[in-house]
Amino acid sequence: MNARILLVISVMALAGCAMKTPPAESTVPVDAEPSPADTSHASPWDEAKAHGIGFRGIGNEPGWLVEVGAGETPVLHAELDYGERKVEVARMQSLSGILGYVGKTADGTEVKLHLQREDCSDGMSDNTYPVSARLMIGGKTYGGCGRFLQE
């Protein structure tokens, strides 16, 4: 009978030790820095800045984003209608007298981006941006917010 009790106690002790062993993935230090190749923690804003984007804007209803490169005749890339439509302009020009850009797509569609330095809320989050943006493509206008990334 003593052997049975000893066996039960041994099994319970081993089971207790096994339950206290942390899973293998928890052995990575919490404060470990991500590797340079790991961009899973970078925000879209940081990624755009790292790629040389000069201005990035976003808006809702329908969801859209615009990125304008740096320089005198930057490239404009826009994703409209929740990413279903993409627009590219190879060479944008600065608007005369106001902050913004104008250009045409390869098929001749006019694209204008009017910017104004003022606090702007995107309406869907608690984020406030330093620039309001109005993107006009063909006959449709998209309103939103953004920031200059290279300043």
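Residues numbered from 1 in each chain as written. Predicted model: local features only at pLDDT ≥ 70, side-chain atom pairs only at ≥ 80, totals over all residues. Heavy atoms only, no water.

1. Section: the state of the cysteines
Under the convention used in this document: We call a pair of cysteine sulfur atoms a disulfide whenever their separation is within 2.5 Å. Each helix is a run of DSSP H or I of at least 4 residues and each strand a run of E of at least 2, with the numbering of both proceeding from the N terminus. The buried label goes to any residue with under 20% of its type's maximum accessible area, the exposed label to any with over 50%, and the partly exposed label to all in between, with areas taken from a 1.4 Å probe on protein chains only.
In this structure the tally under the stated criterion is one disulfide. In this model Cys120 forms its disulfide with Cys145; the gap between the sulfur atoms is 1.9 Å. In this structure, the disulfide formed by Cys120 and Cys145 twists by about -65° around the S-S bond and is classed as left-handed. In this pair, Cys120 is assigned in strand β7 (residues 110-121) and Cys145 in strand β9 (residues 140-148), connecting sequence segments 25 residues apart. Residue Cys145 is classed as buried on the basis of its relative accessible area of 1%.

2. Quick word on the pairing of strand β4 (residues 85-89)
The condition that has to hold: A pair of strands counts as paired when DSSP detects no fewer than two bridges linking them.
For strand β3 (residues 76-80) and β4, the ladder comprises five bridges, and the chain directions are antiparallel. Across the sheet, residue His77 finds its bridge partner in β4, namely Glu88. Once β3 ends, the chain turns through four residues before running back antiparallel as β4, passing Asp81 with a positive phi of about 50°.

3. Digging into the pattern of salt bridges
Heads up, the condition is: We define a salt bridge as a contact between a side-chain nitrogen of Lys or Arg and a carboxyl oxygen of Asp or Glu at a distance within 4 Å.
Per the stated rule, a full pass over the model turns up three salt bridges. We note a salt bridge from Glu67 to Arg56, for which the minimum N-O separation is 2.9 Å. Here Glu67, found in strand β2 (residues 64-69), pairs with Arg56, found in strand β1 (residues 53-59); they are 11 residues apart in sequence, far enough to count as distant. Like Arg56, Glu67 is buried. The salt bridge involving Asp81 is made with Lys140; its shortest N-O contact spans 3.8 Å. Here the residue Asp81 occupies a position in the loop between β3 and β4, and Lys140 occupies one in strand β9, the gap between them amounting to 59 residues.

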